[in-house]
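Residue-level structural notes
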Amino acid sequence: MLRQQDVGHRIVVRRIVGVREGRPLFSDALGELVELTETHVTLTTDQGRLRVPVAEVHRAKRVPPARRPTAAAVVALELASDEAWPAPTRGRLGDWLLRSAQGWTGRANSALPVGDPDRPLPAALDAVERWYADLGQPAMVNTPLPLAAPVGAELDARGWTSRPLTLVQTAPLPPLRAGRADPRADQAGPPPGRPDTPPGRHGEVEPGAGTPPAAPHRAGLPPVELAAAPSDDWLAVAAGRKGGFPDAARHVLTAVDQVRFAHVYADGALLAVGRGTVTGDGRWLGLSLIEALPHARRLGLATHVIRALADWGAALGASGAFLQVEQRNTPAVNLYRGLGFTTHHTYLTRVAP
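Quick summary incoming for the structure in this document. All chains use their own residue numbering, which begins from 1 and follows the written sequence. A pLDDT threshold of at least 70 governs which residues receive local features in this predicted model, and a stricter bar of 80 or more applies before side-chain atom pairs are shown or counted, although totals over entire chains, interfaces and linings include all residues. Side-chain measures were taken over the full set of non-hydrogen atoms in the model, leaving aside hydrogen atoms and water.

The next subject is the pattern of salt bridges. When a carboxyl oxygen of Asp or Glu lies within 4 Å of a side-chain nitrogen of Lys or Arg, that pair is called a salt bridge. This model, assessed by the stated rule, comprises 12 salt bridges. Linking Asp126 and Arg158 is a salt bridge whose minimum nitrogen-to-oxygen distance equals 2.9 Å. Here the residue Asp126 occupies a position in helix α2 (residues 121–135), and Arg158 occupies one in the loop between α3 (149–157) and β9 (161–162), the gap between them amounting to 32 residues. Residue exposure (1.4 Å probe, protein chains only): buried if accessible area is under 20% of the type maximum, exposed if over 50%, otherwise partly exposed. When its relative accessible area of 31% is taken as the criterion, Asp126 is described as partly exposed. One salt bridge in this structure joins Glu291 and Arg241, with 3.6 Å as the shortest N-O distance. Residue Glu291 is found in strand β14 (residues 284–292), and its partner Arg241 is found in helix α5 (residues 232–242); the two are separated by 50 residues along the sequence. For Glu291, a relative accessible area of 3% corresponds to the buried category. Here the residues in one salt-bridge network are Asp126, Glu129, Glu154 and Arg158, joined through shared partners. Starting at the N terminus, helices and strands are each numbered in turn, a helix being any DSSP run of H or I of at least four residues and a strand any DSSP run of E of at least two.

This is the structure we're talking about:
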């Protein structure tokens, strides 16, 4: 049977789905274990999230990973992601990173437990809790899976809760630059439960040196303007999507050596936004806050923005792109799948009780 140490690993579950002529009928499910409680086994499969009552489980066990990236590859991508989303207040616990940004987003306000914390695991988590307590904010830890599964097991024992599973997805740049023909599935917007933000006025765009102010027209769409700084309109969308905009938020968004903010306007109205960074020694284009506003969805604008940022990243020498998306955000996951993104690894944001 499964144990807490199996969370984050690939498993197979044989469940009882009925009875025929006095004999049980079985169905098998294969996926990544994301939660194990006394009553349910929860895993993510190719068809989505599956929650199986323990009473229906006939047999369950861990199975070998399928083309899982190495631990070194996970660490490298997590560090590139941290570089692309930099918290203004930072600390270290051995190799672990401690991050705070006035509570703006989970990524910028959580510890990243990769590497050696230079002390036993319980003592390391005690130190994490003290660091955040000194800042007057709840302790949070991002646990890349399965790399940080031992950390997750210790947090389970301490009663920490989990936010929804996040997929860290990657794709090579050439297909992104080629784009996708069908815009009908292009509905990238805020995750479920996040408010929409109406468009504001046209803001000034300040292209960086050597970067054209706008990507060329594609399929009759307005150009994508790439700016070294976000306009007020752009910031209003980000504030609505992330639930406010403290002073630390501007640092998170702009304190990256290579960053561009994408704007798409038509007749003075903002239609779509996005943000791109190049980090990880120039290898990775990071995509974030890709959004077509509600009145401009299903037009292919999110893909349009991604293509423009991919062109910019490729010009700087990036060879791959990454993004982070909640597994439950089905429209965005479908969009990124259509563009060639696959899940590199996953993580859970854990929150102290």
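Regular strands place their side chains on alternate faces of the sheet. Where burial is concerned, most of strand β16 (residues 342–351) is hidden: 8 out of the 10 residues are buried. Pairing between strands is defined by DSSP: at least two bridges between the two strands are required. Examined bridge by bridge, strand β8 (residues 140–145) and β16 share 6 bridges and lie antiparallel to one another. From the neighbouring strand, Asn142 faces β16, where its bridge partner is Thr349. Here β9 pairs with β16 via 2 bridges, running antiparallel. Note on β16: the bridge partner recorded for Ser162 is Arg350. Strand direction decides the pairing type here: strand β10 (residues 166–172) and β16, joined by 5 bridges, are antiparallel. When the bridges of β16 are listed, Gln169 appears paired with Thr343.

What follows covers the nonpolar core. The nonpolar side chains of a soluble globular protein tend to be buried, and buried together. Here, nonpolar core means buried Ala, Val, Leu, Ile, Met, Phe, Trp, Tyr and Cys residues that are tied together by side-chain atoms lying within 4.5 Å of each other. Formed by 39 residues in total, the largest nonpolar core has its most connected members in Leu176, Leu285, Leu287, Ile290, Leu301, Tyr336 and Phe341. When checking whether two residues touch, look at their non-hydrogen atoms; a contact exists if any pair is within 4.5 Å. The contact partners of Tyr336, leaving out residues within four places of it in the chain, are Gln169, Ile290, Ile306, Leu323, Val325 and Phe341. Counting residues in hydrophobic clusters, the runner-up holds 21 residues, among them Trp234, Ala238, Val256 and Val259.

On to unusual backbone geometry. Here the residue pair Leu145 and Pro146 is connected by a cis peptide bond, since its omega of 5° sits within 30 degrees of zero. Inspection of the secondary structure puts Pro146 in the loop between β8 and α3. One non-glycine residue, Asp267, adopts positive backbone phi at about 55°. Take Asp267: it is sitting in the loop between β12 (259–266) and β13 (269–279). At Arg298, a position not held by glycine, the phi torsion is positive, near 65°. Structurally, Arg298 can be placed in the loop between β14 and α7 (301–315).

Coordinates in, geometry out; function isn't part of it.
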